[in-house]
Amino acid sequence: MSRIVAIDYGRKRTGIAVSDTMQLIANGLTTVPTHELLNFIGDYIAKEPVERIIIGLPKQMNNEVSENMKNIEPFVRSLKKRFPELPVEYVDERFTSVLAHRTMLEAGLKKKDRQNKALVDEISATIILQTYLESKRF
């Protein structure tokens with residue numbers, strides 16, 4: 001099987017997670033500067049078989065999309081244009097940052113490490129992907 005890539009898109013930097021080849025477990029991959037994201041994905045796809053890309057869908061508590069969607073939509077259009085063979089799906093990303101911070105606390109990371117926004121983005125992407133993987137099991 002091939003991998004699934006998840007993206008926690010941000011204006012400055014973007015967290016990326018990938019599944020294992022059995023598509024059971026999400027693993028944080030890295031955080032990249034957002035302006036390098038398309039090239040990073042292209043390089044990754046050249047090395048690893050990828051089945052689809054999951055994008056965190058920024059929603060507010062009232063279920064409406066948040067302000068960041070205006071940044072995500074142009075990126076998704078560029079992504080689909082450059083990789084038309086890859087399906088792109090959205091997964092609700094509400095609370096992923098909160099869950100990422102909680103995960104870091106439970107893992108015993110020091111305060112300085114918990115303030116690492118790149119790590120928070122990577123963990124958030126992992127949570128988005130794990131949410132997607134679990135939704136497909138049932």
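In what follows, the structure referred to is the one given above.
The present account deals with the structure reproduced in this document.

So, how was this worked out
- Residues numbered from 1 in each chain as written.
- Predicted model: local features only at pLDDT ≥ 70, side-chain atom pairs only at ≥ 80, totals over all residues.
- Heavy atoms only, no water.
- Buried < 20%, exposed > 50% of the residue type's maximum accessible area, 1.4 Å probe, protein only.
- Helix = DSSP H or I, 4+ residues; strand = E, 2+ residues; numbered from the N terminus.
- Pairing = 2+ DSSP bridges.
- Right-handed = clockwise from strand over helix to strand, strands pointing away.
- 1 Å grid on protein atoms, 1.4 Å probe; cavity = no way out; pocket = protein on both sides within 12 Å on 5 of 7 lines; lining within 4 Å.
- Points joined across faces, edges and corners; volume = space filled by probe spheres on them.
- Nonpolar A, V, L, I, M, F, W, Y, C, P; charged D, E, K, R; others polar.
- Core = buried A, V, L, I, M, F, W, Y, C linked by side-chain atoms within 4.5 Å.
- Contact = heavy atoms within 4.5 Å.

Our focus in this paragraph is the pairing of strand 4 (residues 50-57). Judged by how many residues are buried, strand 4 sits mostly within the fold: seven of eight residues are covered. Judged from the five bridges that link them, strand 1 (residues 3-8) and strand 4 form a sheet pairing that is parallel. Looking at strand 4, one finds that Arg 3 is bridged to Val 50. For strand 4 and strand 5 (residues 88-92), the ladder comprises five bridges, and the chain directions are parallel. By the bridge assignment, Ile 53 is partnered in strand 5 with Val 88. What joins strand 4 to strand 5 is helix 2 (residues 69-82), and the crossover it makes is right-handed.

Where empty space is left in the structure can be found by rolling a water-sized probe over the atoms. Within this model, the largest pocket holds a volume of roughly 290 Å³. Lining the largest pocket we find 14 residues, and of these Asp 8, Tyr 9, Gly 10, Ser 97 and Asp 121 sit closest to its centre. Per-element tally for the lining of the largest pocket: the top contributor is helix 5 (residues 117-136), with three residues. In terms of residue class, the lining of the largest pocket is made up of three nonpolar, five polar and six charged.

Residues Ile 7, Ile 53, Ile 55 and Phe 75 are the most contacted members of the largest nonpolar core, which totals 21 residues. Breaking this core down by element, the ones donating at least two residues are strand 1, strand 2 (13-19), helix 1 (37-47), strand 4 and helix 2. Top element by residues in this core is helix 2. It accounts for five residues. With near-sequence residues (within four places) excluded, Ile 53 lies in contact with Val 5, Ile 7, Ile 41, Leu 79, Leu 86, Pro 87, Val 88 and Glu 89. Counting residues in hydrophobic clusters, the runner-up holds eleven residues, among them Ala 6, Ala 17, Val 91 and Ile 128.

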